[in-house]
Amino acid sequence: MMNTTSDGKGKITNILGDWDDVRFFLAVAKTGSFSAAATQLSTKQTTVGRRIQALERRLGAKLFDRHRHGMEVTPAARGVLAQAESMQSNASSIERHLAGLDREMAGVVRVAVTEGLAAQWLVPRLTELRRRHADILVQVIVGDQILDLATRQTDLAIRFFRPTSSQLVAARVGQFRMSVFAAPAYIEQFGMPRQLDDLHEHHIVDHTTLHNLPAMKPWSEVVERSTRVALRTNSSHSAMEAVKASWGLSIFPSYTSKMANIVETPIDLNISRDIWLVSHEETNKGARIRAVIDYIRDQFRQDEREWFSLLHPSNDTEAA
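Here's a quick rundown of the structure. (Residues numbered from 1 in each chain as written. Predicted model: local features only at pLDDT ≥ 70, side-chain atom pairs only at ≥ 80, totals over all residues. Heavy atoms only, no water.)

A tally of helices and strands in the chain yields ten helices and 13 strands. Every one of the 320 residues in the chain was classed for burial, and the buried ones make up 44%. Put simply, of all contacts in the chain between residues at least 6 apart along the chain, 73% involve residues at least 24 apart. Accessible surface, the chain: about 17000 Å² in total, of which carbon and sulfur atoms supply 48%. (Helix = DSSP H or I, 4+ residues; strand = E, 2+ residues; numbered from the N terminus. Buried < 20%, exposed > 50% of the residue type's maximum accessible area, 1.4 Å probe, protein only. Contact = heavy atoms within 4.5 Å. Areas by Shrake-Rupley, 256 points an atom, 1.4 Å probe, with all protein chains shown as cover.)

Among the residues of helix α9 (residues 236–244), Ala 239, Met 240, Ala 242 and Val 243 are the ones counted as buried. When α9 is viewed along its axis, its buried side chains cluster within an angular range of 160° and face the same direction. Where α9 is buried, its residues touch β8 (168–182), β9 (204–207), β10 (229–233) and β11 (250–253). A side-chain oxygen of the first residue of α9 lies 3.3 Å from the backbone nitrogen of His 237; this N-cap is Ser 235. (Arc of directions from axis to C-beta. Polar contact = N/O pair within 3.5 Å; in protein donor to acceptor, adjacent residues only side chain to side chain.)

One pass over the structure, following the stated rule, counts 13 salt bridges. A salt bridge links Arg 110 to Asp 155, with the nearest nitrogen and oxygen atoms 3.5 Å apart. Of this pair, Arg 110 sits in strand β5 (residues 107–113) while Asp 155 sits in the loop between β6 (136–142) and β7 (156–159); the two residues are 45 residues apart in sequence, bridging distant segments of the chain. Arg 110 sits in the buried class, given a relative accessible area of 18%. Asp 155 sits in the buried class, given a relative accessible area of 1%. Between Asp 303 and Arg 125 there is a salt bridge, with its nearest N and O atoms 2.7 Å apart. In this pair, Asp 303 is assigned in helix α10 (residues 287–307) and Arg 125 in the loop between α5 (115–122) and α6 (127–132), connecting sequence segments 178 residues apart. Each of the salt bridges in this network shares a partner with another, and the network as a whole consists of Arg 110, Arg 152 and Asp 155. (Salt bridge = Lys/Arg side-chain N within 4 Å of Asp/Glu carboxyl O.)

Turning our eyes to something else, we now look at the environment of Val 108. Summarising the element assignment, Val 108 is placed in strand β5. Classification of Val 108 by relative accessible area gives partly exposed; the value is 28%. With 28 residues separating them along the chain, Val 108 and Ile 136 place their C-alpha atoms 6.0 Å apart.

In this section: the side chain of Thr 265. Along the chain, Thr 265 falls in the loop between β12 (263–264) and β13 (272–280). Exposure remark for Thr 265: the relative accessible area of 4% places this residue in the buried category. Not counting the four nearest positions on each side in its chain, Thr 265 is found in contact with Val 180, Met 192 and Pro 193.

Let us look at helix α8 (residues 217–225). Every buried residue of α8 is accounted for by Trp 219, Ser 220, Val 222 and Val 223. One face of α8 carries all of its buried residues, which in axial projection span an arc of 155°. Exposed side chains of α8 directed beyond 90 degrees from the buried face belong to Lys 217 and Glu 224. Packed against the buried residues of α8 are β8, β9, β10 and β11.

In the structure shown here, the tally under the stated rule is ten aromatic pairs. Aromatic pair Phe 176 and Tyr 255: ring centres 5.4 Å apart, planes at 70°, arrangement edge-to-face. Taken together, the residues span a long stretch of sequence, with Phe 176 in strand β8 and Tyr 255 in the loop between β11 and β12 at a distance of 79 residues. Classification of Phe 176 by relative accessible area gives buried; the value is 1%. One aromatic cluster in this structure is built from Trp 121, Phe 160, Phe 176, Tyr 255, Phe 300, Trp 307 and Phe 308. The ring of Trp 307 has Arg 125 sitting right over it, with the charged end atom 4.9 Å from the ring centre. (Phe/Tyr/Trp six-rings, centres within 6.5 Å; stacked < 30°, edge-to-face > 60°. Lys NZ or Arg CZ within 6 Å of the ring centre and 35° of its normal.)

Printed below as a string of structure tokens:
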């Protein structure tokens, strides 16, 4: 429950504020910074700062200490953190329940997806959905961060791993290999690498976020041994532009050959991934969310053979 006090006339005043104040407090507590909290809440960093300062004035207590690695909840604020998290859980449960009952074919549906797949595949294929359901606004949230479907940071996610939560419903909609790519001009100048050992003689564009994934170990080892790393970046788009500009070779999903004028080399890294369309069991029955799920799944089905399949794909798929 929120902290309350009497105003001296018997009337109870809510010190903590409304649920929106709690959302700002929790976002900063969980992300560790005003800027990250602003991104999560789709607002400005200055707005987050103002809301936290106003909440601190009402409570008469400092909520966060600033450290080199970010913002930390103060000892005084830890007592209300668990209660705030409980409020968020209850509010999210109510919101999910209402979303699941929603019969309106209008409103926002949030879809979380990686950068390249969003720009080069998903968005161009949303035209027909917009024609069919002009009142549904699809908000495409791009990035590698894992957004929470339980708190409705997103309504639908396209992920490269199967979720473990029993409340999340997943359908495997495709598969792909991770392959080494180069620009035609680069190959003309430096030749086509054909074996893994050939990469020691080539320039490398390092997409650093890939090293966080255990499945990418074969590529991580290539980068670690290389003495010719031309660029390091945490952006798949920047890595792609560097490869197009002939800075060097890099690793991308095999379907990249459908999106950009770069060449897939014959090197087999033995890295394959599944593509999962993920939703929450309490919200995916809402009319507009269901419409977007079915539409995107149908787009994957149409492109599966040409874009999203391996030589010997498995048929193990759950219904979303």
